[in-house]
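Structural overview
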Amino acid sequence: MNEYDSERVASLLASRGFVPASSEMDADVVFVNTCTVRAKPQHKAYSFVGRLKWLKRAKPHARVVVGGCLAQQEGKKLLERFDHVDLVLGTHGIPRLAGLLDEVALGQRLAFTEFTYEFGEHLPGPQGAANPVSRFLTIMQGCDNFCSYCVVPHVRGREISRPSGDVLAEARGLVAGGARELILLGQNVNSYGLKNGDITFPVLLGMISGIEGLLRIRFTTSHPKDLSGELMETMAESDKIARQIHLPVQSGSDNVLGMMNRGYTRDDYLRKIEMLRQKMPDIAITTDLIVGFPGETEEDFADTLSLVEEVNFLSGFSFKYSDRPFTAAARLKDKVPEKVKSRRLAELQELLKTRNTAHQVRLVGEAVEVLVTGESRLGKGQMSGRCEDFRVVNFPGEDHLAGQLVEVMVEEALPNCLRGRMIFRADSLEISS
Ligand code: 5AD
Ligand code: SF4
């Protein structure tokens with residue numbers, strides 16, 4: 001979501017004649033896009049913004065803008081705390097950025113934190129896109145779920161689905177501009193359209209699938225409670241929707257899930273996993289997990305470990321619980337000591353790593369379909385892409401393969417990527433056998 005917002009900002013600034021600077025020192029406007037979902041990224045954001053003080057000293061005409069969740073959460077307090085910040089732009093402020101920068105140019109210092117629920121006309125162009133082949137596309141804003149640990153509903157506002165016509169127009173524009181994969185974004189994409197939209201998520205997926213030239217569709221994030229049989233059918237029947245799902249479970253304990261206000265039990269979650277695998281036996285399932293939620297006992301934590309074993313996730317992101325402002329969990333007593341949280345996190349991460357390595361190693365000697373996204377970090381003659389389950393695959397190849405589907409024989413499994421050689425290209429020209 002934040003990356004997509006950064007693309008919108010880059011695109012908007014480009015339309016006003018700005019060009020990307022090579023470093024903060026070269027910039028006339030520095031936009032810091034922030035995340036406060038956990039305490040750690042919030043600390044990082046504060047220290048980065050703090051360090052920009054020297055920039056303002058060296059270059060008084062430069063403008064410093066703080067955007068995203070920290071901006072929304074703290075509002076004008078950021079102007080009081082950092083006198084080198086010119087503009088605080090909340091999560092709904094991007095469509096207003098150009099006008100606000102004009103006011104800032106007149107010497108004002110401003111904080112914009114209204115929830116406007118406007119999407120704005122300005123959508124991301126190729127400028128600032130992290131990757132022109134694989135593009136993000138936001139289909140909804142905000143969240144209504146109020147998981148008790150989560151700041152998102154407080155800093156991004158209520159859930160609003162974008163009209164399907166706007167989403168489709170943007171999708172077509174992105175594909176016309178060279179995108180071959182679209183990653184649909186929302187805090188809870190499974191509930192797209194249920195509250196204020198014209199169509200449901202599976203129907204939207206079907207319409208986007210019809211766009212010629214588009215090779216793959218992914219979406220994130222799915223909430224387990226809203227994952228419907230209809231969506232599973234749509235995925236199973238489509239040859240464009242990747243057989244991959246990120247389905248955050250957060251905990252394997254019913255006690256903790258209840259306190260988290262997640263709206264499902266361990267059994268509900270396991271049943272959905274079973275249904276997914278019945279319809280798509282090869283589906284890659286990843287997750288998010290929190291350890292040390294207030295009141296989490298050793299027994300609760302053991303339930304999380306056993307769930308991870310049982311589901312056999314391809315991979316998972318795991319985090320130590322941290323108090324977030326405005327949230328119900330922040331007010332709970334019985335906080336888990338930091339040392340206990342660290343021990344549980346290490347144990348969980350070890351288990352996830354072992355499982356992930358086993359998945360990786362199993363692929364050696366197999367052919368995988370890769371959407372080539374561009375040159376790999378290794379440089380010329382080495383290309384990179386992602387296979388259906390979202391793993392990075394690197395292989396020797398030429399630039400012109402970017403945007404194509406190729407088949408790669410996996411020869412080596414490294415911790416963060418697979419390496420192999422291309423055996424087949426989607427245009428049916430066989431390279432080797
Ligand atoms: N503490 C720790 N992890 C959190 N997450 C969200 N809020 C918190 C918090 N207060 C994690 C969840 C979520 C991911 C984006 O961040 O696992 O799925
Ligand atoms: Fe946060 Fe829960 Fe909404 Fe996800 S579904 S954004 S965890 S409140």
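Our subject is the structure that appears above.
So, a few notes on the structure that sits alongside this text. Since this is a predicted model, take the numbers as computed values, not measurements.

A few points about empty space enclosed by the protein
- Counting across every chain of the model gives three cavities of 30 Å³ or more.
- By volume, the largest cavity amounts to about 50 Å³.
- Together, Asp-5, Phe-31, Asn-33, Gly-67, Gly-68, Leu-89, Gly-90, Thr-91 and Ile-94 line the largest cavity.
- For the lining of the largest cavity, the secondary structure elements donating two or more residues are β1 (29-34) and β2 (63-68).
- Looking at side-chain class alone, the lining of the largest cavity contains three nonpolar, five polar and one charged residues.
- The calculated volume of the second largest cavity comes to roughly 40 Å³.
- Forming the boundary of the second largest cavity are Met-1, Tyr-4, Asp-5, Arg-8, Thr-91, Phe-119, Thr-138, Gln-141 and Arg-156.
- The greatest single-element share of the lining of the second largest cavity, amounting to three residues, is contributed by helix α1 (residues 2-15).
- Here the lining of the second largest cavity is built from residues that sort into three nonpolar, three polar and three charged.
- Shared between two domains, the lining of the second largest cavity takes at least three residues from each, and those domains are domain 1 (2-112) and domain 2 (131-242).

Thoughts on the layout of surface pockets
- Estimated volume of the second largest pocket: approximately 610 Å³.
- Leu-13, Pro-20, Ala-21, Val-29 and Phe-31 are the residues nearest the centre of the second largest pocket, which is lined by 23 residues in total.
- For the lining of the second largest pocket, the secondary-structure elements that each account for two or more residues are α1 and β1.
- No other element matches the six residues that α1 contributes to the lining of the second largest pocket.
- Class assignment for the residues of the lining of the second largest pocket results in 14 nonpolar, five polar and four charged.

Topic: the pattern of salt bridges
- Counted by the stated rule, this structure contains 30 salt bridges.
- Taking the shortest distance from any N to any O, the salt bridge between Asp-282 and Arg-243 comes out at 3.6 Å. Placement of Asp-282 in the loop between α12 (266-279) and β11 (284-291) and of Arg-243 in the loop between α10 (229-237) and β10 (244-246) is noted, with a sequence separation of 39 residues between them.
- Between Glu-375 and Lys-380 there is a salt bridge whose closest N-O contact spans 3.7 Å.
- Residue class for Glu-375 comes out partly exposed when judged on its relative accessible area of 40%.
- Through salt bridges that share partners, Glu-296, Glu-298, Arg-343 and Arg-344 make up one connected network.

Notes on the site of ligand 1
- Around ligand 1, the structure places Val-37, Arg-38, Tyr-149, Gln-250, Asp-288, Ile-290, Phe-319, Lys-320, Tyr-321, Ser-322 and Arg-324.
- The side chain of Arg-38 places a nitrogen or oxygen atom 2.7 Å from an oxygen atom of ligand 1.
- Between ligand 1 and Ser-322, the relevant distance is 2.8 Å, taken from a nitrogen atom to a main-chain nitrogen or oxygen of the residue.
- Burial of ligand 1 by the surrounding chains reaches 87%, relative to a free accessible area of 410 Å².

Notes on the sheet that holds strand β3 (residues 87-89)
- Taken together, four strands build an open sheet; the order of strands is β1-β2-β3-β4 and the sheet is parallel. What marks the edges here is a single partner per strand, and that holds for β1 and β4 (110-112). For this sheet, the mean inter-axis angle between neighbouring strands, taken without regard to orientation, is 15°.
- The pairing of β2 with β3 spans three bridges and is parallel. The residue of β3 that forms the bridge with Val-66 is Val-88.
- Against the sheet, helix α6 (residues 97-105) touches β1, β2, β3 and β4, its axis set at about 165° to β3.

Considering the site of ligand 2
- Neighbouring ligand 2 are Cys-143, Asn-145, Phe-146, Cys-147, Tyr-149, Cys-150, Val-152, Pro-153, Gln-187, His-223 and Arg-262.
- Here the residues of the shell around ligand 2 are counted per class, giving seven nonpolar, three polar and one charged.

A word on the side chain of His-84
- Tracing the sequence through the fold places His-84 in the loop between α5 (77-81) and β3.
- Judged by relative accessible area, which is 3%, His-84 ranks as buried.
- Within the structure, His-84 has its side chain in polar contact with the backbone oxygen of Val-49 (distance 2.7 Å).

Conventions and cut-offs
- Residues numbered from 1 in each chain as written.
- Chains lettered and ligands numbered in written order.
- Predicted model: local features only at pLDDT ≥ 70, side-chain atom pairs only at ≥ 80, totals over all residues.
- Heavy atoms only, no water.
- 1 Å grid on protein atoms, 1.4 Å probe; cavity = no way out; pocket = protein on both sides within 12 Å on 5 of 7 lines; lining within 4 Å.
- Points joined across faces, edges and corners; volume = space filled by probe spheres on them.
- Helix = DSSP H or I, 4+ residues; strand = E, 2+ residues; numbered from the N terminus.
- Nonpolar A, V, L, I, M, F, W, Y, C, P; charged D, E, K, R; others polar.
- Domains from an automatic or database assignment.
- Salt bridge = Lys/Arg side-chain N within 4 Å of Asp/Glu carboxyl O.
- Buried < 20%, exposed > 50% of the residue type's maximum accessible area, 1.4 Å probe, protein only.
- Near = heavy atom within 4 Å.
- Polar contact = N/O pair within 3.5 Å; in protein donor to acceptor, adjacent residues only side chain to side chain.
- Areas by Shrake-Rupley, 256 points an atom, 1.4 Å probe, with all protein chains shown as cover.
- Pairing = 2+ DSSP bridges.
- Axes fitted to C-alpha atoms, helices over the stretch in contact; angles between N-to-C directions.
- Contact = heavy atoms within 4.5 Å.

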